[in-house]
Amino acid sequence: MPYVRLDILALGLASCSSLLATTPVVPSLHLGLATAQGDFRNEMGSKVGMDAALSLTIPMTATLAFRPMLSFQSFPTLDSQYTYNSARYSDRGNEDARWSAWSYGADLLYRPRGPEGSLYFLAGVYLKVWKLQSFGSYATQDSLNATRVYSLDDTSTKDEPAVALGLGYSFNRHLSLEARSVLASYRSLAYNTLGMALVISY
């Protein structure tokens, strides 16, 4: 019986070697756009962010692949202005906020029709490192003191887990289009994104 087990093991290793030879590891560049969803949309509105990522697709079986990915996401600056006037004093100011995030994780890709199939589905887990930059200035003036001007320049970060779900379509071995929904949070709020990316593979 040990000989039979060795034969089965050898056959399995040969099959894996054959699969890796026919479907090599594939590095890719992802370039896309993303919109804010959930509570994030309440703050960001309809502004569109930019996505860029590097990935490495590693075949596991004829239909499954493992894809580690490093990505960066940046959204347009939010500009807030305010004015307050009363009998005693007045306030005027502006504050800008800029959101960005690094994501570290991996996807599991499933191609129902194997390596030659065009349609694929993905599910992934990530660590999303949010960064919020706030900067601006405001002035306070009252009847007793001269005008005082204050400036704001603050950066805060927050690490949060995230889950990605999506699908893609490969036009050929070098070019794919991929839609992805990322379910994430920021201080217990739903800071989700929905994006579309062009995937350029080498």
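Preceding block: the structure.
Residues numbered from 1 in each chain as written. Predicted model: local features only at pLDDT ≥ 70, side-chain atom pairs only at ≥ 80, totals over all residues. Heavy atoms only, no water.

A. Fine view of the overall build of the chain. Helix and strand content of the chain: two helices and 10 strands. Counted from the first residue to the last, the chain has its helices and strands arranged as α-β-α-β-β-β-β-β-β-β-β-β. Residues counted as buried form 32% of the 202 residues belonging to the chain. Relative to all contacts within the chain whose residues are 6 or more apart in sequence, the contacts with residues 24 or more apart total 60%. Carbon and sulfur atoms make up 62% of the accessible area of the chain, which amounts to about 12,300 Å² in all. (Helix = DSSP H or I, 4+ residues; strand = E, 2+ residues; numbered from the N terminus. Buried < 20%, exposed > 50% of the residue type's maximum accessible area, 1.4 Å probe, protein only. Contact = heavy atoms within 4.5 Å. Areas by Shrake-Rupley, 256 points an atom, 1.4 Å probe, with all protein chains shown as cover.)

B. Spatial organisation of a nonpolar patch on the surface. Among the surface-exposed residues, Tyr110, Leu119, Phe121, Leu167, Tyr169, Phe171, Leu175, Leu177, Met196 and Leu198 lie close enough to one another that they form a single nonpolar patch of about 880 Å² accessible area. Of all elements in the fold, only β6 (119–142), β7 (148–170), β8 (175–183) and β10 (189–201) reach the threshold of two or more residues within the nonpolar patch. When you line up the elements, Met196 lands in strand β10. Looking at Met196, the relative accessible area reads 44%, which means it is partly exposed. (Patch = residues over 30% accessible without salt bridge, like charges linked within 9 Å, V, L, I, M, F, W, Y side chains within 5 Å. Salt bridge = Lys/Arg side-chain N within 4 Å of Asp/Glu carboxyl O.)

C. Main features of unusual backbone geometry. Its identity is not glycine, yet Arg187 carries a phi of approximately 50°, on the positive side. According to the relative accessible area criterion, Arg187 is partly exposed, its value standing at 48%. Within the chain, Ser188 stands out as a residue other than glycine whose phi angle is a positive 70°. Secondary-structure assignment places Ser188 in the loop between β9 (185–186) and β10.

D. Summary view of the packing of aromatic side chains. Across all of its chains, the model carries 12 aromatic pairs by this definition. Ring plane angle 75° and centroid distance 5.1 Å describe the contact between Phe40 and Phe75, whose orientation is recorded as edge-to-face. Separated by 35 residues along the polypeptide, Phe40 in helix α2 (residues 39–44) and Phe75 in the loop between β3 (64–74) and β4 (78–85) bring together distant segments of the chain. The residues Phe40 and Phe75 share a single accessibility class, namely buried. Here a set of aromatic residues connected by ring pairs shows up, and it is made of Phe40, Phe75, Trp99, Trp130, Tyr186 and Tyr191. (Phe/Tyr/Trp six-rings, centres within 6.5 Å; stacked < 30°, edge-to-face > 60°.)

E. Layout of the environment of Pro76. Relative to the helices and strands, Pro76 resides in the loop between β3 and β4. Considering only alpha carbons, one finds Pro76 and Val48, 28 residues apart in sequence, at a separation of 7.2 Å. In this structure Pro76 touches Met44, Lys47, Val48, Gly49 and Ala97, once residues within four positions along its chain are discounted.

F. Examining the environment of Ser201 more closely. Topologically, Ser201 is positioned in strand β10. Counting along the chain gives 175 residues from Ser201 to Val26, while the straight-line C-alpha distance between them is 6.6 Å. Contacts of Ser201, omitting those with residues within four sequence positions, involve Val26, Pro27, Ser28, Arg173 and His174. Polar contacts involving the side chain of Ser201 include one to the side chain of Ser28, which spans 2.8 Å. (Polar contact = N/O pair within 3.5 Å; in protein donor to acceptor, adjacent residues only side chain to side chain.)

G. Quick look at the pattern of salt bridges. Counted under the stated rule, the structure contains four salt bridges. The residue Arg67 makes a salt bridge to Asp107 at a minimum N-O spacing of 2.8 Å. One end of the pair, Arg67, is in strand β3; the other, Asp107, is in strand β5 (residues 89–110), with 40 residues separating them in the sequence. The exposure class assigned to Arg67 is buried, which follows from its relative accessible area of 2%. Residue class for Asp107 comes out buried when judged on its relative accessible area of 1%. The shortest N-O distance in the salt bridge between Arg180 and Asp107 comes to 2.6 Å. Highlighted residues: Arg180 in strand β8 and Asp107 in strand β5, separated in sequence by 73 residues. This pair shows no difference in class: Arg180 is buried, exactly as Asp107 is. Connected through salt bridges with shared partners, the residues Arg67, Asp107, Glu178 and Arg180 form a single ionic network.

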